[in-house]
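Observations on the three-dimensional arrangement
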Amino acid sequence: VTIAKQFQNPTMVSFRKSKSKKKAAAEVAKEEAPEKSSAAEPKPEEKGDDGPAKEEKPKPAPAPAPSKPPTLDDIPDLLKTMTEEKGEKSAAATKRIYELCDVGHKQNRVPMVCSGKWDVLTPLAKCLTQESGDGRHLACLALNNLSIPTENKRVMALGPASKEVIGGLCKVIAEDKQESYLCCICLMNLSFLEASITTILQHSPVDDGASPVPPLDNPNSLIRVLEKLLTNSPSAPKSGSGKSEGVRWACGLIKNLAKSEENAALFGKTEIPRCVVENIRNTTAPPSRWTSNSLEDFSLFVILNLAQWPVSKEALINAGAVDVIKPIMSEGDLQGLKATMACAFLDAKWADFPEGGAPASKSVSELMTNIVEKKGKDGQYAYGVFKLYTATKAYRDLAVSAMESGSSSTKALATPSSVALCLQVVSDLVLAAVDDAEGGSKYVPDAMSAEYAVGAIEAMLPAILDEADPPRVSVQSEKAAGEVAQMLLTYSDIAGTSAAAKASAKKSADEIKAAGGSARPILEISHDLWTQYRKREGQPLDQFISQEKGIEVDESGPLDFLPCVNSSGETSCIIL
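Notes on the structure follow.

So, on to the packing of helix α7 (residues 162–174) against helix α10 (residues 222–231). One way to put it is that α7 packs onto α10 with a least axis distance of 10 Å and a crossing angle of 25°. Considering the angle they form, α7 stands roughly parallel to α10. Note that α7 runs across α10; the crossing there is left-handed. Facing α7, whose interface residues are C170, I173 and A174, α10 presents L222, V225 and L229. Counted by class, the contact of α7 with α10 contains six nonpolar, no polar and no charged residues.

Pasting the structure below:
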């Protein structure tokens, strides 16, 4: 097994032929999440076609010439053999297709799928339905390798052959074949293309001519097949067994599919949330020993992804998820970060967060910073693993939990750097939305992230507006209050801002503006950090300064408000 370095890019699993004719090893290719495979992939039997020569009576016959390695030009003949022949001949052709896209021929993977010269996907998908284990197994290996390039994902998951590919993979899982885990890995590879995740989970096959059946009402749908796989698994399957590998990689697939709210709504109506909670509950390994791509790692990711959506969080709460994952928060590593955000989403009490919430505040704030700066954290996660809306929602929910326990608790969260980051997220969205604004940022936040940042600011206001001791008048605080309040009001007027976000922004703006008369140290420092960021990005510093102007008066008097008065004072108006 070639093992990907831990905590780097998301794992894509491809397969190659090993030196032994009867073994194949797994290669773990990397994409965008910090995961690694720690279990050896089963080694399928492969029958070579260049065996030893037979002896003749007086003298041995010369050894036959070694078979010529396949080339792309051989594909039409190989596909014909695959589809028209059966048994060993078909399996041998499938093996040659697999060899064309193995680890030694990565350059062939995109042309085989995207060139338009051949349709290799439909014949491979049909091989998945073969009773012969060799042909089915080799088809699984080939589809896995072809599913790795980003260009191929779109064709395989959304193209003309997608129904056959997804359907064939799902059927193998449903029949509990020994290749089930390979099919879960292939679907997981495809699900790294986020545009595909809804289509994949909506797979609900029916007989030709029959009316469509919603996935939850179809026992043969992918979601019900995955649910059956998880619910029928023993509570502690033998590590490395076919059953445990199937469950493990099924959870890896579910982790990706649960990233959308639409999919989470479906998962919330199944037994899958309970199953992944039980995976964590039943493990005997401490979180510090969980490797990336382990069953526990995948299961905690599923909990995190489902917890952030209201449509699925209740299922986790009912399964007792908070009590199960609460102890993991103290780990302080990637697993601790995931558990902390999940607990925030699941309405954990502020007292549940270790050390007065300081580690939670630090780790989630650091995650937000890394995301907007487009970087990961060495040894824990790569850029792209977490979305900004996930991190900002976690911070908002932490702030709400702290506020509900008492206004003084928000001090752990309202550090100037964290407050400035929330201001940055909101103002960057404003600059992107305002047509006449100059400048911008390298990371344009999404609307949800800005809304969560505004919610976090509102929840932290008791700490942000904490007065200096002793109280004093501060011009700097007055300036900061005016500019921050104006930015929030500008945000509230942006088209598409939700009613809840508008109300939150306006309420916060009113409180901040009213507090500007006396010194507010956290507000001042946060405003200063926000201003420094805008200077570095070349953004206009007068964007959120009030533009109100007085009435100019000349010798003609203050009549400029009349549309019929020109600058010289002449008028065509008739005053009665």
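Here the narrative resumes, following the displayed structure.
For the rest of this paragraph, the subject is the packing of aromatic side chains. Summed over all chains, the structure comprises six aromatic pairs. Arranged with centres 5.7 Å apart and planes meeting at 45°, the rings of W350 and F353 form a pair that is tilted. Centre to centre, the rings of Y381 and F386 are 5.6 Å apart; their planes meet at 85°, and the pair counts as edge-to-face. According to the relative accessible area criterion, Y381 is buried, its value standing at 4%. Accessibility expressed as a relative area gives 6% for F386, which makes it buried. The rings of F301, Y381 and F386 are connected pair by pair, giving a single aromatic cluster. Here K255 stacks its cationic end above the ring of F301, 5.3 Å away from the centre of that ring. In this structure, R534 packs its charged tip against the face of W530, placed 3.8 Å from the ring centre.

On to the nonpolar core. Counting 156 residues, the largest nonpolar core has L230, F386, M460 and Y491 as the members making the most contacts within it. When residues no more than four places from it in sequence are discounted, the contact partners of F386 are F301, L304, L334, L337, K338, M341, L367, I371 and Y381.

Our next topic: empty space enclosed by the protein. Here the structure, examined in full by the defined rule, presents two cavities of 30 Å³ or more. L367, I371, K375, Y381, A382, Y383, G384, V385 and F386 together form the lining of the second largest cavity.

This next bit is on the environment of S191. Mapped onto the elements, S191 comes out in helix α8 (residues 180–191). As a C-alpha pair, S191 and K255 span 64 residues in sequence and 9.4 Å in three-dimensional space. If near-sequence neighbours (up to four positions away) are discounted, S191 is found in contact with S196, I197, I200, L253, N256 and L257. Side-chain polar atoms of S191 contact the side chain of N256, separated by 2.9 Å.

The rules behind each value
Residues numbered from 1 in each chain as written. Predicted model: local features only at pLDDT ≥ 70, side-chain atom pairs only at ≥ 80, totals over all residues. Heavy atoms only, no water. Axes fitted to C-alpha atoms, helices over the stretch in contact; angles between N-to-C directions. Helix = DSSP H or I, 4+ residues; strand = E, 2+ residues; numbered from the N terminus. Parallel < 35°, antiparallel > 145°, perpendicular 65-115°, else oblique. Left-handed = near helix turned anticlockwise from the far one by under 90°. Contact = heavy atoms within 4.5 Å. Nonpolar A, V, L, I, M, F, W, Y, C, P; charged D, E, K, R; others polar. Phe/Tyr/Trp six-rings, centres within 6.5 Å; stacked < 30°, edge-to-face > 60°. Buried < 20%, exposed > 50% of the residue type's maximum accessible area, 1.4 Å probe, protein only. Lys NZ or Arg CZ within 6 Å of the ring centre and 35° of its normal. Core = buried A, V, L, I, M, F, W, Y, C linked by side-chain atoms within 4.5 Å. 1 Å grid on protein atoms, 1.4 Å probe; cavity = no way out; pocket = protein on both sides within 12 Å on 5 of 7 lines; lining within 4 Å. Points joined across faces, edges and corners; volume = space filled by probe spheres on them. Polar contact = N/O pair within 3.5 Å; in protein donor to acceptor, adjacent residues only side chain to side chain.

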